[in-house]
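Observations on the model geometry
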Protein chains: 2
Amino acid sequence: MSEVKTLKGKPLDRAELDRVLRASLFYTQVGCIGLAEGHCSSFDIYGGVSGFYDYGPPGCSLQAKIVDLWRKHFVLEENMLEVDCPMITPHEVLQTSGHVDRFCDWMVKDPKNGDILRADHLVEQVLEARLNGNRLARAEAIVEKDDPKKKKKKGGALEAVKLDDAVVQEYEEVLAKIDNYDGPELGQLMEKYDIRNPASGERTEAPVQFNLMFQIPNIGPSSQLKGFLRPETAQGQFLNFAKLLEFNNGRMPFASALIGKSFRNEIAPRAGLLRVREFLMAEIEHFVDPQGGKKHARFEEVRHIKLNLLNREVQLSGKTTVTPTPIGEAVKNGIVDNETLGYFLARIQLFAIKIGCDPNKMRFRQHMASEMAHYASDCWDLELQTSYGWIECVGCADRSAYDLTVHMKKTGQPLVAKERLPEPREVEYWAAEPDKKKVGMKFRKDAQPILAALDNLADDLKEKMSLELKSNGKATIDVPGVGDGNVELTSDLLTIEKKKRVEHVRTYIPNVIEPSFGIGRILYALCEHVYWCRENDEARVVLSFPPIVAPTPVAVLPLSGNAEFKPLVARLSKALREQEVYNVVDDSSVSIGRRYSRQDQVGTPYAITVDFESVQKGTFTLRERDSTLQVRAPEAEIVDAVVNMVKGRETWEDVMKRLPKFEGQDLENTE
Amino acid sequence: MSEVKTLKGKPLDRAELDRVLRASLFYTQVGCIGLAEGHCSSFDIYGGVSGFYDYGPPGCSLQAKIVDLWRKHFVLEENMLEVDCPMITPHEVLQTSGHVDRFCDWMVKDPKNGDILRADHLVEQVLEARLNGNRLARAEAIVEKDDPKKKKKKGGALEAVKLDDAVVQEYEEVLAKIDNYDGPELGQLMEKYDIRNPASGERTEAPVQFNLMFQIPNIGPSSQLKGFLRPETAQGQFLNFAKLLEFNNGRMPFASALIGKSFRNEIAPRAGLLRVREFLMAEIEHFVDPQGGKKHARFEEVRHIKLNLLNREVQLSGKTTVTPTPIGEAVKNGIVDNETLGYFLARIQLFAIKIGCDPNKMRFRQHMASEMAHYASDCWDLELQTSYGWIECVGCADRSAYDLTVHMKKTGQPLVAKERLPEPREVEYWAAEPDKKKVGMKFRKDAQPILAALDNLADDLKEKMSLELKSNGKATIDVPGVGDGNVELTSDLLTIEKKKRVEHVRTYIPNVIEPSFGIGRILYALCEHVYWCRENDEARVVLSFPPIVAPTPVAVLPLSGNAEFKPLVARLSKALREQEVYNVVDDSSVSIGRRYSRQDQVGTPYAITVDFESVQKGTFTLRERDSTLQVRAPEAEIVDAVVNMVKGRETWEDVMKRLPKFEGQDLENTE
């Protein structure tokens, strides 16, 4: 993997960024008094629990702003139907959705020291270490020839072992397909390549499945009702489908949306904020007619937008090269399946750019067939490049009719949409005609559920029953809750025949296109994308958040503790707040330069300084973070400029044109 | 309890309001296709799980707006430090906070049918039924005298049994203090008054404690680390106290805030949205120096505000009368303990009024001594009057130094603030002076934790150890993790003496004032407060939400499906959206009157109608919900007026003054 660069083209120093983010309380640090450093997670003073993080004030504000923009960009812009559903979800719902059986990772146990590891991560880690060792060995061979003394200096913990070219190629192929193996396959790889737990040198036991949902052992005082914490917000939206369709006056297509926390009981969380056990998601379920090619009414608006697409075929050939392709072309060529999927990919990219992600560090990668979740028929991820590699930040899956179908089957409720046909059409169907009176007399109180079950029976099952009735004179139907669940009906009670009817309305189960955003991952990737250091001083870190997402849009700084500054500071702060521009006052006793630097570090785009000229002439300086340029003007104009820039009505360039540049004393480097 | 009235003085019909809220999808209804009515909760199509609700689009939008205003009113207005912490919380944290042992309700089991009931609710229900039966019996006595035929018509399920005056008084006293009894006391009441499960007529078993936290049996793949879903957001804030204080440059007082879900595994949820198992909270932890009377810098701003206060003494006397009292006076008279508590009570009231709650249906009730949570030293609730009675919607507790103290004791981390003293002072203290070398030689690897434990020992324990050392030549100290946790130290290893030192800084554990908002309860109470019906038509329901919280601020309605209206509708909708005023277009084929009515029912304050004059002359009508009055003006002026009203810059009265009133055809009652 090539080294990740900052905005200014310098190598990105992840450890330094991490230190800065923790020091500014974007997320919390180890050590109760906030001075110690190291691994950071929630519940620090209790030793910390991996996979859990607290956001401090800047992280919390950044998160709230990303969510707010998301709501405007998607929900409000497209009149999506936002819902809020509980996180605790009954066992039965997630059984039906397939999560109880299939939402699992493969884990292996070290029989000696009890370590539990994720099987794919273990294979990945060991093979990558061997490839690095090979690179080192080959480099050393050159170095040794060059200068034998240099050998000792490299090496470190890595074992420099040269591998054959064929082995290198084999390892690289395994790594390219690492998300593609199931448990037994991972077990075979571990056998074949003698992969051992690096911590103990031991072989592990065979991979076993571990369900990633957190269990809730009892809802209410008895333990009859069990549940899970939801692994995604989608199920709550599917269960509300019929009500939302009615709310939308029966019109298709439409989308629901939900912003909320989900939970995954990761086997071994790693990579900081990128793999956590509790995380904020924003998910859209766009319900669309599967017929007619899944067109989208607003596709024209995005047709020209170029995306970096990495499709399945390119990946299978072992490559990762992308070519920027207009989404219109990609849909036409069938690289992206349909307009609706394409529309959302383009809108996702627009959102990522709006919040400040670097367009050069974005790509859309199509999932490999065996890598997809159990419900998906196609899936493209927005991946953002970070120092941890390319990270999936938004998944955009075509879940087809999977979810609505399974819930409909399980509950017997019609999760369908209807379309008035342009002209009536004749259709064949299987008609089940029970003799209601006889059924009633024979089954008494059970008659009602039996008749309802017959009503809801799928066409193929009716056909099957019809054959049974004809050959055996009786047939069996599933009626949960009646007897042992199987009810036998004889041909005097029931006839099933093929009939014809004229339909004016077509009934169908909608398909679902699901853009699903991991807000925490986006937040972290964004921090890497906007991070750089001043040319002249590596220690002066800047986070170039766009004004609309910056945790604090503006800081007010009095030059010193002079009492004359206080009323001016208070007035400015209030004037901004009244226009809903949140601001902080930093009146600590350190120099202006140090305070500018502190604001740069949390990404505050603007700073207003109150000095003696403010007292005498009523003018204030306004500094822009990235350029460090300043203007000076009277209070009203300064407030106006800041409000306009924060609300996106003006840019700094606009303001520079109309307000006088200030080139007084240079306070940037004051100490 | 007197009957609750709507804004227009009519009796509030809760069933009708509930029907309207469910039909509009404020929260979800039973029945998959959205037509059936009845008890409503989440996971409807799976039969529903009590205590869980989904919010549909209007409820979700209302919730988001209440939260947004809360953030502005409290967090941004006062520069509170907002944090976001995980909901899954390790066992040890909640053990320390006291929740594992004491966050319980008393439940009773019916030995015959297995019903599990909340003990206090059972007592309350049975005694209230008897009092109602008594009222009925006395009324019937009058009715019978009046007209013997009327007797049959009343009655219903209620048993009309007359009680002695003394019994009535006894029951009423018990009910007034119902939150005040512990389990054994409830058991005695049930014995004394022969209280039985109404469903079975059986006596129940004795009350037992049930912990209200949802358990998480394993965090990660092994079951070594257990946890709970948080019952409040406060603990995450306390654990971050030291870091937040540092973030605040060490300055006191300051407040943290957290908006997020919490969980309570209620024994038997009831009363709709008012008692649920998963709910949104917004909590503030205001950290303040316990010395100096807990003054508040901004108390002057609220001193004059009148609150309806219902203090402990009045309640103990069995009364519920309140007198509006300026908060300044209440603090001066000691009814409210201190300025900080008083400041927040006033700010809470301002918030409730801002979002549209009825000032005549608000009171602040002080908790009775035994009713308070285990951590509280004083507590006032904002109660809102609803058809369910007076409901606690915001708790404002003085948690004293309880939480920081227990976490500090448990972890050994200094959760303290420091104050530079105006002049140095001499203080006495107990000095523990171990002979480090000898301790090291004797205890080897355990020496470090032993010395750390000595360092963190509280003064009173040092004094105790000093006496032991003097009398026995040895003393014991708790060192968790070393041997059995008790370490004996002899007087050759340790001396403890009273000493004096000069202090320049005072170190103290801050107290906490905690305003804690139940957003779902506020949301429901607000719906009751803004609900009324048009004078001329009971079926025409109006929800008079203020424009800032209304789920949809404005609707755009084309007079008919005429194609000429479409571009105008699209342009208007876009113009509003560009100014961040969310709007819906209702172009369904029903009459304008019906569509106005539908918007009234979800509380949309403004509707713009597009008609033929719009096409010909470019003017549009703008209708206000509560008055149904209209103005007509060109597009730009209409958009301007709506944006101003929604953003709170203008009122409808202002707009009526400057735009021409429209008194064309009356579309209100078109069908």
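Residues numbered from 1 in each chain as written. Chains lettered and ligands numbered in written order. Predicted model: local features only at pLDDT ≥ 70, side-chain atom pairs only at ≥ 80, totals over all residues. Heavy atoms only, no water.

1. Quick look at the overall build of chain A
Put simply, the rule reads: Labels follow the DSSP assignment, with helices taken as runs of H or I lasting at least four residues and strands as runs of E lasting at least two, numbered in each case from the N terminus. Each residue is assigned to one of three classes by its accessible area relative to the maximum for its type, calculated with a 1.4 Å probe on protein chains only: buried under 20%, partly exposed between the two thresholds, exposed over 50%. Working rule for contacts: check all heavy atoms of both residues, and any pair within 4.5 Å makes them a contact. We get accessible surface area from the Shrake-Rupley algorithm with a probe of 1.4 Å; when it comes to residues, only the shown protein chains can shield them. Counting rule for charge: Lys and Arg are taken as positive, Asp and Glu as negative, and neither His nor the chain ends is counted. Taken as the charge location is NZ of Lys, CZ of Arg, CG of Asp or CD of Glu.
Along chain A, the regular secondary structure elements total 22 helices and 26 strands. In chain A, buried positions account for 54% of the 671 residues. Taking contacts inside chain A between residues at least 6 apart in sequence as the whole, the part at least 24 apart equals 68%. Here chain A displays about 30,000 Å² of accessible surface, and carbon together with sulfur accounts for 50% of that area. Counting 90 positive and 101 negative side-chain charges, chain A places the averaged centre of each group 1 Å from the other.

2. As for the pattern of salt bridges
Quick note on the threshold: By convention in these notes, a salt bridge is any Lys or Arg side-chain nitrogen within 4 Å of a carboxyl oxygen on Asp or Glu.
By the definition in use, this model includes 99 salt bridges over all chains. A salt bridge links R506(A) to D289(A); the shortest N-O distance between them is 2.3 Å. Highlighted residues: R506(A) in strand β18 (residues 494-508) and D289(A) in the loop between β9 (278-288) and β10 (306-310), separated in sequence by 217 residues. Residues E433(B) and K499(B) are paired through a salt bridge, measuring 2.7 Å at the closest nitrogen-oxygen approach.

3. Side note on the packing of aromatic side chains
Just so we agree on the cut-off: Only centres within 6.5 Å qualify two rings of Phe, Tyr or Trp (six-membered ring in Trp) as a pair; their planes then separate them into stacked at under 30 degrees, edge-to-face at over 60, and tilted for everything else. By the criterion adopted, a ring carries a charge over it if an Arg CZ or a Lys NZ lies within 6 Å of its centre and within 35 degrees of its normal.
In this structure the tally under the stated criterion is 32 aromatic pairs over all chains. Judged by centre distance (5.3 Å) and plane angle (85°), the ring pair of Y171(B) and Y193(B) falls under edge-to-face. Remark: Y193(B) occurs in the loop between α7 (183-192) and β5 (208-211) and Y171(B) occurs in helix α6 (residues 165-176); sequence separation between them is 22 residues. A residue is classified by how much of its surface remains accessible, and Y171(B), at 6% relative accessible area, is buried. Overall, the relative accessible area of 11% leaves Y193(B) in the buried class. One Lys or Arg, R501(A), reaches over the ring of Y429(A) and ends 4.1 Å from the middle of that ring.

4. Section: the environment of N311(A)
Residue and element names in this part refer to chain A. Tracing the sequence through the fold places N311 in the loop between β10 and α10 (312-316). The sequence separation of N311 and V123 amounts to 188 residues, and the corresponding C-alpha distance is 25 Å. Those residues within four positions of N311 in sequence are excluded, and the remaining contacts are I335, Q366 and W380.

5. Quick notes on the environment of I450(A)
All names here are of chain A. You can see I450 is positioned in helix α15 (residues 447-455). The class of I450 is buried, set by a relative accessible area of 0%. Here the alpha-carbon distance between I450 and S544, two residues 94 residues apart in the chain, equals 65 Å. Filtering out sequence-adjacent residues up to four positions away, I450 remains in contact with F443, V479, V487 and L489.

6. Things to note about the sheet that holds strand β7 (residues 227-229) of chain B
Residues and elements named next belong to chain B. For clarity, the threshold we go by: Strand pairing is assigned whenever DSSP identifies at least 2 bridges connecting the two strands.
Strand order in the open sheet made by the three strands is β2-β7-β6, with antiparallel pairing throughout. Where the open sheet ends on each side, the last strands, each with one partner, are β2 (88-90) and β6 (215-216). With three bridges connecting them, β2 and β7 associate as antiparallel partners. The residue of β7 that forms the bridge with P90 is G227.

7. With respect to the domain arrangement of chain A
Residues and elements named next belong to chain A. The criterion, for reference: An automatic or database domain assignment supplies the start and end points of every domain. Accessible surface is computed with a 1.4 Å probe, and the buried area is the amount of it that two parts give up when combined, taken over both parts together. Any residue that is not Ala, Val, Leu, Ile, Met, Phe, Trp, Tyr, Cys, Pro, Asp, Glu, Lys or Arg is counted as polar, Gly included; the first ten are nonpolar and the last four charged.
Along its sequence, chain A is carved into domain 1 (51-87 + 230-416 + 509-541), domain 2 (104-138 + 158-211), domain 3 (423-506) and domain 4 (552-658). If you average the C-alpha positions of domain 1 and of domain 4, the two centres end up 37 Å apart. With five residues of domain 1 in contact, the opposing surface of domain 4 contributes nine residues. Of the roughly 600 Å² buried between domain 1 and domain 4, counting both surfaces, carbon and sulfur atoms make up 37%. Together, R534, R540 and V541 form the three largest contributors to the area buried by domain 1 at its contact with domain 4, with a combined 65%. For R534, the salt bridge goes to D600, with nearest N and O atoms at 2.9 Å. Broken down by secondary-structure element, the contributors of at least two residues to the side of domain 1 that touches domain 4 are β20 (531-534) and β21 (537-543). Grouping the constituent residues of the side of domain 1 that touches domain 4 by class yields two nonpolar, no polar and three charged.

8. Points about a positive patch on the surface
Stated precisely, the cut-off is as follows: For patch building, the residue pool is restricted to those with more than 30% relative accessible area and no salt bridge; the joining distance is 9 Å between like charges and 5 Å between nonpolar side chains (Val, Leu, Ile, Met, Phe, Trp, Tyr).
Among the surface-exposed residues, K647(A), R649(A), K647(B) and R649(B) lie close enough to one another that they form a single positively charged patch. Among the structural elements, K647(B) can be located in the loop between α21 (635-646) and α22 (652-658).

9. Thoughts on the pairing of strand β13 (residues 378-386) of chain A
Residue and element names in this part refer to chain A. β13 sits mainly inside the fold: nine of its nine residues count as buried. Of the two faces of β13, both are covered, the one formed by D378, W380, L382, L384 and T386 as well as the one formed by C379, D381, E383 and Q385. Bridge count between strand β12 (residues 362-366) and β13: five bridges; the pairing is antiparallel. Its bridge partner being in β13, F364 is matched across the sheet by L382. Here β13 folds back onto strand β14 (residues 389-400), and the loop between the two strands holds two residues.

10. Looking at the sheet that holds strand β9 (residues 278-288) of chain B
Residues and elements named next belong to chain B. In spatial order, the strands read β1-β8-β9-β19-β14-β13-β12-β10-β11; together these nine strands make up an open sheet with mixed pairing. Looking along the sheet, the strands with just one partner apiece sit at the ends: β1 (81-82) and β11 (323-326). Bridge count between strand β13 (residues 378-386) and strand β14 (residues 389-400): nine bridges; the pairing is antiparallel. Each residue of the ladder has a partner; that of T386, found in β14, is G389.

11. As for the relation of the copies chain A and chain B
Cut-off, in case you're wondering: A least-squares fit on C-alpha atoms brings the copies together, and the residues used are those whose pLDDT is at least 70 in both copies.
Structural alignment of chain A on chain B gives an RMSD of 0.4 Å, achieved by rotating through 180° and translating 0.1 Å along the axis. Given the turn and translation reported, the copies of this chain are related as if by a two-fold rotation axis. Judged by C-alpha distance, I216(A) is the residue of chain A that lies nearest the rotation axis, at 3.1 Å. An overlap of 100% is found between the interface residues of chain A and their copies at the interface of chain B, pointing to a shared contact surface.

12. As for the packing of helix α1 (residues 14-23) of chain A against helix α17 (residues 519-529) of chain A
Residue and element names in this part refer to chain A. Definition in use: With axes taken as lines fitted to C-alpha atoms, and helix axes fitted only over the stretch in contact, angles between N-to-C directions fall between 0 and 180 degrees. Roughly parallel covers angles under 35 degrees, roughly antiparallel covers those over 145, roughly perpendicular covers 65 to 115, and oblique covers all other angles. For any pair of crossing helices, the crossing counts as left-handed if the nearer helix is rotated counterclockwise from the farther one by less than a right angle, and right-handed if it is rotated clockwise.
It is at 11 Å that the axes of α1 and α17 come closest, and there the two elements cross at 115°. Between α1 and α17, the interaxial angle falls into the category roughly perpendicular. Note on packing geometry: the crossing formed by α1 with α17 is right-handed. Facing α1, whose interface residues are R14, L17 and L21, α17 presents Y524, C527 and E528. Here the residues of the contact of α1 with α17 sort into four nonpolar, no polar and two charged.

13. Describing the interface of chain A and chain B
This is how it is decided: The term polar contact refers here to a pair of N or O atoms within 3.5 Å; inside protein, the definition further demands a hydrogen-donor-capable atom paired with an acceptor-capable atom, and it admits residues adjacent in sequence only when both atoms are side-chain atoms.
Contacts between the two partners involve 86 residues from chain A, matched on the other side by 87 residues from chain B. Across the pair E580(A) and K72(B) runs a salt bridge, and its minimum N-O distance is 3.3 Å. At the junction of chain A and chain B, the tally comes to 22 residue pairs in polar contact (both at pLDDT 80 or more). Going through the elements one at a time, α2 (57-76), β1 (81-82), β2 (88-90), α3 (91-96), β6 (215-216), α9 (241-247), β8 (254-263) and α13 (402-411) of chain A are the ones with two or more residues in the side of chain A that touches chain B. Top element by residues in the side of chain A that touches chain B is α2(A). It accounts for eight residues. By residue class, the composition of the side of chain A that touches chain B is 44 nonpolar, 23 polar and 19 charged.

14. As for the side chain of S614(A)
All names here are of chain A. Note on placement: S614 falls in helix α20 (residues 612-617). There is a polar contact of 2.8 Å between the side chain of S614 and the backbone oxygen of T619. Among residues more than four places away in sequence, those in contact with S614 are L568, T609, T619, F620 and R632.

15. Here's the deal with the side chain of E339(B)
Residue and element names in this part refer to chain B. Secondary-structure assignment places E339 in helix α12 (residues 339-354). Here the side chain of E339 touches H296 through a polar contact of 2.9 Å, landing on its backbone nitrogen. Aside from chain neighbours lying at most four places away, what touches E339 is G293, K294, K295, H296, F299, R303 and V331.

16. Comments concerning helix α17 (residues 519-529) of chain B
Extensive coverage of α17(B) is indicated by the burial of ten of its eleven residues. Taken together, the buried positions of α17(B) are I519(B), G520(B), I522(B), L523(B), Y524(B), A525(B), L526(B), C527(B), E528(B) and H529(B).

17. As for the confidence of the model for chain A
Residue and element names in this part refer to chain A. Quick note on the threshold: Values of pLDDT, ranging from 0 to 100, describe the predictor's confidence in every residue of the model.
Overall, the predicted model of chain A reaches an average pLDDT of 89, with 94% of residues at or above 70. Across residues 29-40, confidence stays below pLDDT 50; counting only partners more than four residues off in sequence or on other chains, it has 35 contacts. Of the regions scoring below 50 in pLDDT, residues 150-156 engages in seven contacts with residues more than four places distant in sequence or in other chains. Under the prediction, the complex receives an ipTM of 0.87, its pTM being 0.88.

18. Focus on helix α7 (residues 183-192) of chain A
All names here are of chain A. Heads up, the condition is: Here the arc refers to the directions that run from the helix axis out to each C-beta atom.
Residues of α7 that are buried include every one of G183, L186, G187, L189 and M190, and no others. In a view along the axis of α7, the buried residues occupy a sector of 160°, so they form one face of it. Exposed side chains of α7 directed beyond 90 degrees from the buried face belong to Q188, E191 and K192. Positioned one or two residues after α7, D194 has a phi angle of 50°, which is positive.

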